[in-house]
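Okay, here's what each chain looks like letter by letter:
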Amino acid sequence: MNLPPIDAQRVLWSEQLPGGAHHSFPIRRGNRLRLTDLEGGANLSALFVHYDEKTERYNMADTLKAQHTFYLTRGFVCYSDMGRVLCSVTGDTVGWHDAVCGVSDAHGVEAKYGAAPYQTHRNAMYRNGRDSMLIELEKWGLGKRDLVTPINFFSKVTVSEAGDMRFVSNHSPAGGEVELRFEMNTLVILSSCPHPLDPSPVYAPKPVLLQAFRSEPAGSDDFCRNFRPENQRGFCNTERYYL
Amino acid sequence: MAIVESKLGPRAAVYDFTLPAGEPWLHMIKQGQTFRIHDLEGNQAVDTLFYSAADHDDRYSASDTIRRQGNIYLSTGTQLISSEGNVLMTLVADTCGRHDTLGGACAAESNSVRYSLEKRFMHSCRDSFLHAIAHADCGLSKCHLTGNINFFMNVPVTEDGKLTFADGISAPGKYVEMRAEMDVIALISNCPQLNNPCNAYNPTPVRLLIWD
Ligand SMILES: [Zn+2]
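Residues numbered from 1 in each chain as written. Chains lettered and ligands numbered in written order. Predicted model: local features only at pLDDT ≥ 70, side-chain atom pairs only at ≥ 80, totals over all residues. Heavy atoms only, no water.

You'll find chain B entered in an unreviewed UniProt entry as Urea carboxylase-associated protein 1, with Methylomicrobium album BG8 given as the organism.

Labelled according to an unreviewed UniProt entry, chain A appears under the name Urea carboxylase-associated protein 2, originating from Methylomicrobium album BG8.

Shown next as structure tokens:
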């Protein structure tokens, strides 16, 4: 089951992010971003920073505990550390997106996949999530201290009663979609490097289609706003900021 | 849950301080020293962050820590991993059984979301952290505040992905002890949270000890 087609007149831009690549861009309040796992098995790590005040950023712990969840899907919203909603998950055909495990680093990628530097592999080199995100953060005057736990779209990690973590392979199908509506002007930082817990011994990151488009603001009957009483208050904090 | 008791006695400690509820604590712990947090009255959340003393951007990372050990709970044997992949501390004793690192610190702003908009003005851990770093003048800023450890907090995750705030599993006299693997700065907020039943709405003091 796919999300409804995007009205062509609303599309702002569309771009394919290759597997293992990184990218960053601002997206304005009131616009949406649809992410499509073109081949299946993608991992898209995403960080959200308030574009106008870059010390305000996505906060994993506040997002999880305000909504009593370990993962994200439709209805959940992404909270900043200031009690405001950066973006809402308005659509999802995949059902579970990891919000906890963070990204791979250079050491982990080389240990798992071997060395593949630019000198020998050119742009097929093996990149890692941490360095990819640091490169993008630095482009906006941010750095290591701003690199917090991102969301890993299209990846699923569950935990047993004893707390042991399990990566679910082949979780996201080809054509899997997730859609975000931005409630604040947001800097989006992306890396399509493999999930750090993906047990596959082959470095095979997958491409993701990005489509930005205009949309309506969250009305009083909005699904994400009313998903939890906490979210009603989160939207109240956000809308107050823009009065 | 591995309950491991310590052989260290409080009288041999080089540092012994009782931190009241709602207070911050910023302190250097040297490589090789052992640090104990003692839950004096039970079910007190001790929100804790660690930084490499040599590089504050090399800091405790909840994601790296749980990923490295493949388990979301902290207890004896857990290595606390930094954002650069270094070992900051190793948990060497624990009479509580497990500790949370997903729930983060309470904050004025998140209290307004979680409980009600009017709760914004209550005292919070994030305010304590900010108070401590504002006075310390040691180069830490708001951007250094990231997902922390909540010692003695019980935040179980269900297999279908629900995060629950369960009754505490700590009790008066339980403690956790860790060895510093490098010189670290420890930043604690002894949680003042009055909205969460985990502590029976009664934040209490903790005792902090350091041995050479
Ligand atoms: Zn607190």
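Undergrad: Before we go on, may I ask you to explain the pattern of salt bridges in this structure?
TA: Any two side chains of opposite charge can pair, so long as their charged atoms come close to each other. Using the criterion set out here, one finds 23 salt bridges over all chains in the structure. For the salt bridge of Asp81(A) with Arg126(B), the shortest nitrogen-to-oxygen distance reads 3.3 Å. Residue Asp81(A) is found in the loop between strand 6 (77-79) and strand 7 (85-92), and its partner Arg126(B) is found in helix 3 (residues 125-136); the two belong to separate chains. For Asp81(A), a relative accessible area of 2% gives the class buried. Between Arg36(B) and Glu177(B) there is a salt bridge, and its shortest N-O distance comes to 2.7 Å. A residue pair is termed long-range when its members are at least 10 positions apart, and Arg36(B) in strand 3 (residues 34-39) and Glu177(B) in strand 9 (residues 174-180) qualify at 141 residues. Take Arg36(B): its relative accessible area is 4%, and that puts it in the buried class. (Salt bridge = Lys/Arg side-chain N within 4 Å of Asp/Glu carboxyl O. Helix = DSSP H or I, 4+ residues; strand = E, 2+ residues; numbered from the N terminus. Buried < 20%, exposed > 50% of the residue type's maximum accessible area, 1.4 Å probe, protein only.)

Undergrad: Just checking my understanding: could you explain the coordination of the zinc ion for this structure?
TA: By definition of the ideal shapes, four donors in a tetrahedron about a metal sit 109.5 degrees apart, and six donors in an octahedron sit 90 or 180 degrees apart. Residue and element names in this part refer to chain B. Only Cys106 (SG), Cys125 (SG) and Cys191 (SG) from the protein coordinate the zinc ion, and they sit 2.2 to 2.3 Å from it. One chain supplies every donor to the zinc ion, and in sequence these donors are spaced C-x18-C-x65-C. Separated by 66 residues along the polypeptide, Cys125 in helix 3 and Cys191 in the loop between strand 10 (184-190) and strand 11 (206-211) bring together distant segments of the chain. Each member of the pair, Cys125 as well as Cys191, is classed as buried. (Donors = N, O, S within 2.8 Å, 3.2 Å for Na, K, Ca; no water.)

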